[in-house]
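# Notes for the structure review
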Amino acid sequence: MEEGNSVLCSYEEEDMDDDFTDSGSDYEVTMKATKRKQISLLGPQPPKITRNTAAQRVMSSSMSSTIPTPPDSSRQQQHYSRGTHRQGSSRPPTTENRENQGISAEDIYNAVCSGKSSMVAVVDEWLDVYKQSQEAGLLVLINFIVRSCGCKGVVTRDMLDNMQNAEIISSLTKEFNEDSVAYPLCTPGPQLKRLKAGLCEFARVLVKSCRNSLLYDEYLFPSLLALLTGMSDSQVRAFRHTSTLFAMKLMTGMVEVAVLVSIQQQTAQRQYDMENSKSLHERASDKLEGLQATIKELQENREEISSMMNGTFRGVFVHRYRDLLPEIRTICIEDLGMWLKTDPEDFLNDSCLKYLGWMLYDKQRPVRLQCVRALQGLYQEKEFIGRLELFTGRFKERMLSMVLDKEPDVAVETVNLLLLIQQKTEEGLSEEECGSIYPLVYASHRGMAAAAGRFLYNKLKNLIASYSQENDLSDNAAFFHVFISFYIQSEFHEHGAYLVDSLWAVAGTELRDWETMTALLLQDDGLTYEEEGALIELMMCAVIQAAQGLPPVGRIQGKKILNMKEKKLQEQDRRRITTHFIPLLPQLLVKYSADTRIVSRLLKAPFSFDLEMYTSTTKLERHLDLLLSQVCSIVSKHTEVTVLEACANVINTLCSSCYTFSSRAHLEFSRLLDDLSECFSTYLSDLLQGTADDNDVYTAATALKRISALGSAIDPTGLKLFDSCVELLKSRLESRELDKELMVSALRFATFHLMWAKVNAANSTPAKAELNRLKKQVRSFCRVCQNCLALDQTDIRDQAFELLCDLLLLYSKMSGSPQTALQTLVHLPSDSLRSDMAAFLMDYVFSDAEYADLNAGGEEESMIFLLQKKRNHLAGFCKLLIYGVLDLSAATDVFKHYSKYFKDFGDIIKETLRQSKLINPVQSAKTVCLTLQQLFSEVLAEERSSQNLIEISNLAKKLAMSFGVDLQHIRKPLVALHMDGMDFAFREPQDEEGQNPNIAFLEILSDFSFKLLPLDRIRLTEFLTSNCPHAALCWPSVRMYQRSLEGRLNKPRKQDEGSHIASLHETPVAKLKKVTRQASTTVEGSWLDSSNISSSLSTPALTSTVQRQPTQKLVARKPTHSDIDDSDLAELESEDEFSSGLPVRKVKAIAERQPLSIRSSPSHRDVSSHLTLLSLMEDDDEEDREEPEIEDSGSESAYALPSTRHTSASVLDELFD
């Protein structure tokens, strides 16, 4: 119980062992010496602890070990130093040694970067150097790591013998290139992949090659890991990133070696026990002694490897797993997952698993993704499940919440992880927990939906097996019963295509079982009505998916191109579907002919057929006749729009001239159209005379509705019903007997008649009289539609507006070639029609009255439908503007609502603005100005409050942003806009108007001044001065507009200011950050010097291996508009630098009260000037400040860096005038 309680507590709070002291780059830990190599310490210990001692200290820990090591009371910890040994043995290399020194650090780096060299050969060459001289080999390896960091420095023999790790790293820091903060491991492109893969492979081969001897020589790996541990604690990102990667890969190699040693030790122990169990005369004493020596040596090797792994784990991983850089955190988690899986005996415990659980909450996608993938590797192993039980219970809630991760790939891998938990663990997931994953099958991301589909299919398999046994059904039949139940219970009945696509990869065989599905449908008592509807919906979705080979809309970005294999599979599925459904589709239509919803879905099947197969055999031709008769029967039975549109689509496909049976289909449907026309003509005279009763009106209306629906697929001009429909509409409008079905059908039929007439005229050479008659028909029908716009019947009014937009576009100038006779058919809308269409927009599109009524009733679905209808109306009107049917000046009725209705129609209006600028940029700009003039005149006429002027100003700012950033390209349009605006502002006052009533319009016009070029500003300023009345020049509106024109004109600058700005532009991009930071610090410093606030706090000392150089004081100045960008950058850099820097460590109290003269003495400046590397320090402004930090900031620290967050307003005014 005590052990279990301690494990539980480990998840609630972080171990105190993780926060071991790391005040310097050398760590106060000792390494266990082995009995195989005794080192005598001659004389007293030297007072200076060199880096050789650090190599020993980093490999063992006096604290509790994360990686358990077998205890051995006979082993003594020994503290020793190899500094004297190295100094005594170091000699200047001779000429012969230089010639035979072998591979160099640069050679290794080039081999690793190229990715073409054999790592085994490279490591073997380096081993030859190391065997000749340990110090020389170690130097080559260290310099290779330094070179991999992007550092130009070189570690010499003297540095290795006489300097500590921190001193070596500090000296190397000065050798970085200050022109760039980039280093090899952050360089994008294929080079990064090759370098990273090469470093990992080099580390793996190095450990593998040294596993039998050099791994235990107590010199190479302890020294190397000690240096890597110190570099991983550096604030230089290149050092920290590269050393962490190399150390983690070395650790991974050592874990593999440790497992191998453990296996060898167990094998030797078994052999020893077997030999020892023999009788005394059969026992071989020499063999026993050899096995005992082998076991002892393997045990010592295992302990030494465990010591090095423990030091690396505590010295590198424990601190770098929460590093500020997400790449470093990802490396740590990736290798931790490998350790857990490779060596479960030492690592697969709660003390190591907690790191994976904690990093599931990381803010960066790669870290979370790597955590989930590491856990997948653990849950795949059945023998690990028992050890993961506590972890699963603690972090299951977090894993369930990650299925809704904002990063789709993380959510996909999390669903796969939960599937493993469901399959491998005994408890699995509860039904409530599974319920949070099921809805993901309808997600728009296809990968996530497919993962959820695999989870759902795995969950349903158990139910399918039990259902099949209970009801004596086949597996596929049971699958469809369970599948239908899930679809009905999920209550997403309009998204069957997404559910089918989610299961397509795992249940494709079942979903292609057309025989089982149709057999269930044709049974008399097999399914309920609701289940039949659901099965037909799913079946048709599967048919479409198989025939097209494409996912549903929204599940794929762009257009997917099928490869040869996918095309072949698609053709096979298409033939199977056609062969199976051609004889069965008429039977299904007969059974469900009365059901509107089911019939509409079944009529989608012919679009997935290979229709040429109808003429392949005489038997299939008979099924074609059955299909045609069934379609005609459905048209005769139904009046719903959805069914009639589905029939029209089928008729259009079957009558296509590309099929040999099209004439037969056209003949069949023409007969149907004639019968319907005759039925309508029977009641036409009574309708025109007004003597028809309700039954006659209904019969005529339904017949005309069917004719208008079929008119979209078959040419109805031969019926000669256009004049009759127009007369019927006129009579109904005069008598105000507005029958919705009758009038809407008449409007639609007349429109299809005119469209087909235009197509026939374009495909033939009609006579002039026929063209004149057609033009007259168009004109009369447009007048009828215009009269319908004023009706109170919503359906009739909306239908008339939509048909007007389509007809005016079809009969516009751009619909035909200018040289053809079709230009005589061009019909331009009259002024009254333009006015009525604009009024329709104002009253029924840009209106919230209907929204208020629906919102009060809580009808959200109706509100969505209404919004879609309004968008269609607005899009139709905007197409008339873009294609020149209406003048651009008519766009003012649209542009004036850009700001108010941006949420509903912003995309449509924005696209109209863009297209108008492409058509005529100057006229488009004048239209924008006219829009604002109209709004301003309305405000003056109605004497509204100043709030309305603010709304106009906001609209002006939004319209100004639509002009783009190419100032040279928009020069003429902007000048024309300003000229029109000033003409309007200085317009002569009309009767009963005050003096210059529009002068306030200049305030609105000033919102467009920031995009003007300097020359145009001068011209417009001169125009303003010459045209503005002399008395009005001092009025606020005029002065505001004048300042907007003059505000960004170039002003004379001082010589030093000009040189400063020029230097900024000449400075490389990498150094610009440092220059701007110094400028911002100067401005801040000048304000602090001039203030009355004084502070006795000294500048905090830095414990990093590099220090920041104090910036030289410059003369503070007030930035002008021309360099406002530079001051902006400087201010932002300064604020981020001081307010969100790295946590400040504690420093000694002796530096607290140092006088300013001492802290800024020349000697101190000389020292710090050699250690300046601003570009290598951590740029905290580039990272999320709430992420795990490199080090814990001491809340008890008495020091705080200055901040510009609370700069007074006066200083900000100086910076941003």
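Since this is a predicted model, take the numbers as computed values, not measurements.

## Structural notes on the overall build of the chain
Helix and strand counts for the chain stand at 53 helices and zero strands. A buried classification covers 50% of the 1217 residues belonging to the chain. Sequence-distant contacts, at least 24 apart, represent 77% of the contacts inside the chain between residues at least 6 apart. For the chain, the exposed surface amounts to about 59,500 Å²; the carbon and sulfur share of it is 51%.

## Remarks on helix H18 (residues 389-401)
Counted at 1.5 Å a residue, the expected span for H18 with its 13 residues is 18 Å, and the 19 Å between its end C-alpha atoms agrees. Maximum bend of H18: about 55 degrees, positioned at phenylalanine 395. Residues Phe391, Thr392, Phe395, Lys396, Arg398, Met399 and Leu400 constitute the buried set of H18.

## Quick look at a positive patch on the surface
A contiguous patch of positive charge on the surface is contributed by Lys730, Lys776, Arg779 and Arg783. Note that lysine 730 resides in helix H33 (residues 722-735).

## Topic: the environment of glutamate 427
With respect to the helices and strands, the residue glutamate 427 is situated in the loop between helix H19 (408-424) and helix H20 (431-435). On the basis of relative accessibility, which here comes to 70%, the residue glutamate 427 falls in the exposed class. Placed 38 residues apart in sequence, glutamate 427 and glutamate 389 show a C-alpha to C-alpha distance of 9.8 Å.

## Some points on the packing of helix H5 (residues 105-114) against helix H7 (residues 134-148)
With their axes 8 Å apart at the nearest point, H5 and H7 run at an angle of 50 degrees to one another. Classified by the angle their axes make, H5 and H7 are oblique. Relative to H7, H5 is oriented so that their crossing is right-handed. Two secondary-structure elements touch here, H5 through Ala105, Glu106, Ile108, Tyr109 and Val112 and H7 through Val140, Asn143, Phe144, Arg147 and Ser148.

## With respect to the nonpolar core
Counting 322 residues, the largest nonpolar core has Phe144 and Phe202 as the members making the most contacts within it. Broken down by element, the residue count for this core peaks at 15 residues, all from helix H12 (residues 237-276). The contact partners of phenylalanine 144, leaving out residues within four places of it in the chain, are Ala105, Ile108, Tyr109, Val112, Leu199, Phe202 and Phe246.

## Some remarks on the packing of aromatic side chains
Here the structure, examined in full by the defined rule, presents 34 aromatic pairs. Between phenylalanine 722 and phenylalanine 781, the ring centres sit 6.5 Å apart and the planes meet at 50 degrees, which makes this aromatic pair tilted. Within this pair, whereas phenylalanine 722 is found in helix H33, its partner phenylalanine 781 is found in helix H35 (residues 768-788), the two being separated by 59 residues in sequence. Each member of the pair, phenylalanine 722 as well as phenylalanine 781, is classed as buried. Both rings, one in phenylalanine 846 and one in tyrosine 901, keep their centres 5.5 Å apart while their planes meet at 55 degrees; by these two values the pair is tilted. With phenylalanine 846 in the loop between helix H37 (831-845) and helix H38 (849-857) and tyrosine 901 in the loop between helix H40 (892-895) and helix H41 (902-919), the pair connects residues that are 55 residues apart, well separated along the chain. Owing to a relative accessible area of 6%, phenylalanine 846 belongs among the buried residues under this scheme. Among the aromatic residues, ring-to-ring pairing joins Phe313, Phe317, Tyr321, Trp339, Phe347, Tyr355 and Trp358 into one connected group. Positioned above the aromatic ring of tyrosine 361, the side-chain terminus of arginine 398 is 4.8 Å from the ring centre. The residue whose ring lies beneath arginine 797 is tyrosine 844, and the NZ or CZ to ring-centre distance is 3.8 Å.

## As for the pattern of salt bridges
Throughout the structure, instances matching the rule amount to 34 salt bridges. One salt bridge in this structure joins glutamate 106 and arginine 147, with 3.2 Å as the shortest N-O distance. Pair noted here: glutamate 106 is in helix H5 and arginine 147 is in helix H7, with a separation of 41 residues, a long-range link. Glutamate 737 is paired through a salt bridge with arginine 732; the nearest N and O atoms lie 3.2 Å apart. Of the residues examined, glutamate 737 reaches a relative accessible area of 40% and is grouped as partly exposed. One network of salt bridges, in which partners are shared, links Arg240, Arg320 and Asp323.

## Quick look at the side chain of glutamine 786
Tracing the chain through its elements places glutamine 786 in helix H35. A relative accessible area of 13% means that glutamine 786 is categorised as buried. One polar contact links glutamine 786 to aspartate 836, side chain to side chain, over a distance of 2.7 Å. The contact partners of glutamine 786, leaving out residues within four places of it in the chain, are Leu804, Ser830, Ser832, Leu833 and Asp836.

## Side note on the confidence of the model for the chain
Of the residues in the chain, 76% have a pLDDT of 70 or more, and the chain-wide mean is 78. The spread of mean pLDDT over the elements of the chain runs between helix H53 (residues 1209-1215), the lowest at 33, and helix H17 (residues 365-379), the highest at 96. Taken as a whole, residues 1-100 scores under 50 in pLDDT and shows 194 contacts with residues more than four places along the chain or in a different chain. Of the regions scoring below 50 in pLDDT, residues 1050-1217 engages in 207 contacts with residues more than four places distant in sequence or in other chains.

## Structural notes on unusual backbone geometry
In this structure, aspartate 472 is a non-glycine residue whose phi angle is positive, near 50 degrees. Along the polypeptide, aspartate 472 turns up in the loop between helix H21 (446-471) and helix H22 (475-490). Judged by its relative accessible area of 71%, aspartate 472 is exposed.

## A closer look at the packing of H21 against helix H23 (residues 496-503)
Here H21 crosses H23 at 75 degrees, and the two axes come no closer than 7 Å. Taken together, the axes of H21 and H23 are roughly perpendicular relative to one another. Contacts between H21 and H23 involve Arg446, Ala449, Ala450, Gly453, Leu456 and Tyr457 from the former and Leu499, Asp501, Ser502 and Leu503 from the latter. Looking at side-chain class alone, the contact of H21 with H23 contains six nonpolar, two polar and two charged residues.

## Regarding the environment of aspartate 739
Relative to the assigned elements, aspartate 739 resides in the loop between H33 and helix H34 (740-762). Aspartate 739 sits in the partly exposed class, given a relative accessible area of 25%. Along the chain, aspartate 739 and valine 697 lie 42 residues apart, while their C-alpha atoms are 8.5 Å from each other. Excluding residues that lie within four positions of it along the chain, aspartate 739 makes contacts with Val697, Ala701 and Ile796. In terms of polar contacts, aspartate 739 uses its side chain to reach the backbone amide nitrogen of glutamate 741, at 3.5 Å.

Reading guide: rules and limits
Within any chain, residue numbers begin from 1 and follow the written order of that chain's sequence. With the structure being a predicted model, the display of local features is reserved for residues of pLDDT at least 70 and the display and counting of side-chain atom pairs for 80 or more, all residues being used for whole-chain, interface and lining totals. The side-chain numbers reported here are obtained from all heavy atoms of the structure, hydrogens and water having been left aside. Going along the chain from the N terminus, every DSSP run of H or I of four or more residues is numbered as a helix, and every run of E of two or more is numbered as a strand. For every residue, the accessible area (1.4 Å probe, protein chains only) is compared with the maximum for its type, and the residue is labelled buried under 20%, exposed over 50%, or partly exposed between those bounds. Here a residue-residue contact requires only that any non-hydrogen atoms of the pair lie within 4.5 Å. Areas reported here follow the Shrake-Rupley algorithm with a probe of radius 1.4 Å; residue values treat only the protein chains shown as occluding. A helix is expected to span 1.5 Å multiplied by its residue count minus one. Bend, in this description, refers to the angle at a residue between axes fitted to the seven residues ending there and the seven starting there. To count toward a patch, a residue needs a relative accessible area above 30% and no salt bridge. Like charges then connect within 9 Å, nonpolar side chains (Val, Leu, Ile, Met, Phe, Trp, Tyr) within 5 Å. One side-chain nitrogen of Lys or Arg within 4 Å of one carboxyl oxygen of Asp or Glu is enough to make a salt bridge. Under the counting rule used here, the positive set is Lys and Arg, the negative set is Asp and Glu, and His together with the chain ends is not counted. To locate a charge, take atom NZ for lysine, CZ for arginine, CG for aspartate or CD for glutamate. Each axis is a line fitted through C-alpha atoms, and for a helix only the stretch in contact is used; angles between axes span 0 to 180 degrees, taken between their N-to-C directions. An angle below 35 degrees is treated as roughly parallel, one above 145 as roughly antiparallel, one from 65 to 115 as roughly perpendicular, and anything else as oblique. Working rule for handedness: look at the near helix, and if it is turned counterclockwise from the far one by less than a right angle, call the crossing left-handed; if clockwise, right-handed. Within this scheme, the nonpolar core is defined by two criteria: the residues are buried Ala, Val, Leu, Ile, Met, Phe, Trp, Tyr or Cys, and they are joined through side-chain atoms within 4.5 Å. Here a Phe, Tyr or Trp ring, Trp counted by its six-membered ring, pairs with any other such ring whose centre lies within 6.5 Å, and the pair is stacked when the planes are under 30 degrees apart, edge-to-face when over 60, and tilted otherwise. Geometrically, a lysine NZ or arginine CZ counts as sitting over a ring once it is within 6 Å of the ring centre and also within 35 degrees of the ring normal. We call two N or O atoms a polar contact when they sit within 3.5 Å, provided that within protein one can donate a hydrogen and the other can accept it, with sequence-adjacent residues counted only if both atoms are side-chain atoms. Confidence of the predictor at the level of single residues is given by pLDDT, which spans 0 to 100. Here the term charged refers only to Asp, Glu, Lys and Arg, the term nonpolar to Ala, Val, Leu, Ile, Met, Phe, Trp, Tyr, Cys and Pro, and the term polar to all other amino acids, Gly among them.

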